[in-house]
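Chain by chain, the residues:
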Amino acid sequence: MALDRLKKEETLAMRMRLIGQSCKLFYSDDPVKILRARGQYLFDENGERYLDCISNVHHVGHCHPSITKAAAAQMDLLNTNTRFLHDNIVLYADRLAATLPEKLCVFYFVNSGSEANDLALRLAQQYTQQEDVIVLDHAYHGHLMSLIDISPYKFRKLAGQKEWVHVAPLPDTYRGIYRENHPNPGQAYADTVKDLIEEVHRKGRKISAFFAESLPSVGGQIILPRGYSAKVAEYVRSAGGVFVADEVQTGFGRLGSHFWGFQQQGENFCPDIVTMGKPMGNGHPLACVATTVEIAEAFTANRVEYFNTFGGNPVSCAIGLAVLDVIETEDLRGNATRVGAHLKDLLTKLQTQHQIIGEVRGAGLFLGIELVTDREKRTPATKTAALLVKRLKEEDRICVSTDGPWESVLKFKPPMCFSMEDAELVVQCIDRILTDIEANDLKLEKEDI
Ligand SMILES: Cc1ncc(COP(=O)(O)O)c(C=O)c1O
């Protein structure tokens with residue numbers, strides 16, 4: 001039986017007519033129609049296989065049989081809201097608690113990363129009784145209005161910056177104000193937050209929260225310099241605020257070495273609120289906020305019930321539990337460490353052959369290749385990045401995406417079952433295309449500059 005009910009052109013025509021055009025397609029010039037998926041592979045209407053290097057949502061692999069089985073079994077039995085007692089939500093919260101520092105021991109389940117960050121904002125504001133938020137430049141924290149307000153990546157293109165939002169420099173040691181040759185970029189960037197807090201105080205305002213992704217992704221797969229988060233947390237807390245770590249992209253072992261991205265900043269650092277989403281339900285809408293007893297109590301003290309119709313339902317929590325089981329039983333963190341290191345190593349070798357590769361960075365299966373037209377000036381090679389994405393899809397059926405303020409960073413965040421062979425194939429294909437671009441298409445880059 002055919003898996004599609006419409007021809008590809010019909011699907012596209014209906015989509016153009018019926019779906020809001022601000023909902024963008026990958027490869028808008030020639031979109032891909034995917035009908036099924038398994039592991040790290042996607043299959044189109046002709047049965048052609050694509051290697052998925054984009055989806056950090058399908059964390060343990062597309063359509064993993066254990067996840068499907070857990071979902072179907074629970075769906076067949078019961079799916080209610082959280083106003084009835086049920087084992088799944090408490091067992092799941094308990095399993096999550098075991099992955100986090102002891103003080104992050106109260107959980108609220110929601111349906112998306114945006115809902116999680118919106119609730120984090122409410123928790124912080126209720127706890128501190130203040131409104132102002134510090135965010136990192138180029139950050140994205142979600143699509144709700146409250147989050148557009150704290151996402152420079154979005155608000156710069158829209159209504160602009162609200163008076164209660166303050167933007168700190170992105171601690172990017174490749175392009176930022178303090179670079180890899182600085183003796184202590186962690187301290188230097190943390191001091192920019194301290195200066196910002198002082199500026200906020202001079203305006204007669206007070207900080208409620210500092211929001212940051214543990215490894216800023218939309219900002220371009222940035223690794224926060226060592227010591228940064230602990231110092232920022234110290235400054236923010238002494239100003240009466242709380243530290244919110246957005247782990248929507250980086251949680252659940254993506255970095256291999258650590259279950260949570262913030263743990264890369266050392267054992268002396270613990271956020272006050274952690275938000276999580278994307279990989280949590282392997283594609284099922286499941287997200288969460290973890291916080292401390294004190295913050296949760298302040299939220300309860302306003303006597304307004306927090307009710308979320310779908311958040312934490314038995315099916316979602318059964319799926320969440322199954323995802324945690326698969327991460328453990330298939331040693332996906334170990335795989336992310338090994339395959340990620342191999343991929344990074346191969347890409348770093350490629351950097352010696354291609355001037356256009358300015359930097360290779362990241363950890364586990366969360367990597368970025370920064371493309372530049374000039375290594376000295378670090379000029380973003382935006383057009384080459386776009387061409388590489390297009391040719392990888394057209395010539396090799398490999399799906400990758402770009403990010404960063406200039407869309408010049410090629411991102412790798414594939415399902416965690418990504419293999420050594422996949423890594424080798426990707427690097428061979430990038431090598432071939434870059435060699436070809438360098439030989440034939442350098443004009444494109446001159447225009448880029
Ligand atoms: C860092 C980060 N936070 C929050 C969100 C919002 O998550 P969602 O799209 O599930 O609402 C995203 C989505 O891309 C994200 O990347």
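The shown structure was predicted, so the numbers you read here are calculated from the model rather than taken from an experiment.

S.K.: How should the overall build of the protein be read in this particular structure?
M.R.: For the protein, the count of helices and strands is 14 helices and 16 strands. In summary, the protein has a C-alpha radius of gyration of 22 Å against a globular reference of 22 Å for 449 residues, a match within 12%. Principal-axis analysis of the C-alpha atoms gives the protein an extent of 65 × 55 × 45 Å. Here the contacts in the protein between residues at least 6 apart in sequence split such that 72% fall between residues at least 24 apart. Carbon and sulfur atoms make up 53% of the accessible area of the protein, which amounts to about 20400 Å² in all. Separation of charge centres in the protein, based on 50 positive and 59 negative side chains, amounts to 3 Å.

S.K.: So what exactly am I meant to see when it comes to the site of the ligand here?
M.R.: Around the ligand, 13 residues are found, and the nearest of them are G113, S114, D246, Q249 and K278. Here G113 contributes a backbone N or O atom positioned 2.9 Å from an oxygen atom of the ligand. With respect to the ligand, the side chain of S114 contributes an N or O atom lying 2.5 Å from an oxygen atom. Burial of the ligand by the protein chains amounts to 85% of its free accessible area of 390 Å². The dominant element in the shell around the ligand, judged by the number of residues it contributes, is helix 4 (residues 113-128), at three residues. By residue class, the composition of the shell around the ligand is two nonpolar, eight polar and three charged.

S.K.: In this structure, what is going on with the sheet that holds strand 3 (residues 49-52)? I would like to understand it.
M.R.: Whenever strands of a sheet pair, they do so through backbone hydrogen bonds, lying parallel or antiparallel. The strand order across the open sheet formed by four strands is 1-2-3-14, and the pairing between neighbours is mixed. Single-partner strands in this sheet number two, and they are strand 1 (34-38) and strand 14 (398-399). In this sheet, strand 3 lies alongside strand 2 (residues 41-44) in antiparallel orientation, the contact comprising three bridges. Paired with F43 across the bridge in strand 3 is R49.

S.K.: Honestly, the domain arrangement of the protein in this entry has me stumped. Any pointers?
M.R.: Think of interface size as the accessible area that goes away when the parts come together; that is how it is often given. We note that the domain assignment places domain 1 (32-60 + 332-439) and domain 2 (65-329) within the protein. Centre-to-centre separation of domain 1 and domain 2, based on C-alpha positions: 26 Å. On the domain 2 side, the residues contacting the 39 residues of domain 1 number 35 residues. In this assembly, domain 1 packs against domain 2 so that about 3000 Å² is buried in total across both faces, 53% of it on carbon and sulfur atoms. Three residues stand out in domain 1 for area buried against domain 2, namely R333, F366 and R378, and they jointly supply 27% of the buried area on that side. Summed over the shared surface of domain 1 and domain 2, the result is two salt bridges. Our enumeration of links across domain 1 and domain 2 arrives at 18 residue pairs in polar contact (both at pLDDT 80 or more). Going through the elements one at a time, helix 11 (332-353), strand 11 (357-363), strand 12 (366-374), strand 13 (379-380) and strand 16 (409-412) are the ones with two or more residues in the side of domain 1 that touches domain 2. Looking at which element gives the most residues to the side of domain 1 that touches domain 2, the answer is strand 12, with six residues.

Conventions we followed
- Residue indices begin from 1 for each chain and proceed along its sequence in written order.
- Since the coordinates come from a predicted model, pLDDT governs what is reported: local features require at least 70, and pairs of side-chain atoms require 80 or more to be given and counted, while whole-chain, interface and lining totals use all residues.
- Values reported for side chains reflect all heavy atoms of the structure, with hydrogen atoms and water molecules removed beforehand.
- Only runs of H or I of at least four residues qualify as helices and only runs of E of at least two qualify as strands under DSSP, and these elements are numbered from the N terminus.
- Only the C-alpha atoms count toward the radius of gyration. The rule for a globule is 2.2 Å times the residue count to the power 0.38.
- In what follows, a contact means two residues having at least one pair of non-hydrogen atoms within 4.5 Å.
- Computed by Shrake-Rupley with a 1.4 Å probe, the accessible areas treat only the displayed protein chains as cover when residues are assessed.
- We treat Lys and Arg as the positive residues and Asp and Glu as the negative residues; His and chain ends play no part in the count.
- To locate a charge, take NZ of a lysine, CZ of an arginine, CG of an aspartate or CD of a glutamate.
- Working definition: residue near molecule or strand if any one of its non-hydrogen atoms lies within 4 Å of it.
- Under the rule applied, a polar contact is a pair of N or O atoms within 3.5 Å (in protein, one hydrogen donor and one hydrogen acceptor; residues adjacent in sequence only if both atoms are side-chain atoms).
- Three classes are used: nonpolar for Ala, Val, Leu, Ile, Met, Phe, Trp, Tyr, Cys and Pro, charged for Asp, Glu, Lys and Arg, and polar for all others, with Gly counted as polar.
- By definition, two strands form a pair when at least two bridges between them are found by DSSP.
- What counts as a domain boundary in this text is fixed by an automatic or database domain assignment.
- Here the quantity called buried area is the total loss of accessible area, with a 1.4 Å probe, experienced by two parts when brought into contact, counted for both.
- Any Lys or Arg side-chain nitrogen found within 4 Å of a carboxyl oxygen on Asp or Glu counts as a salt bridge.

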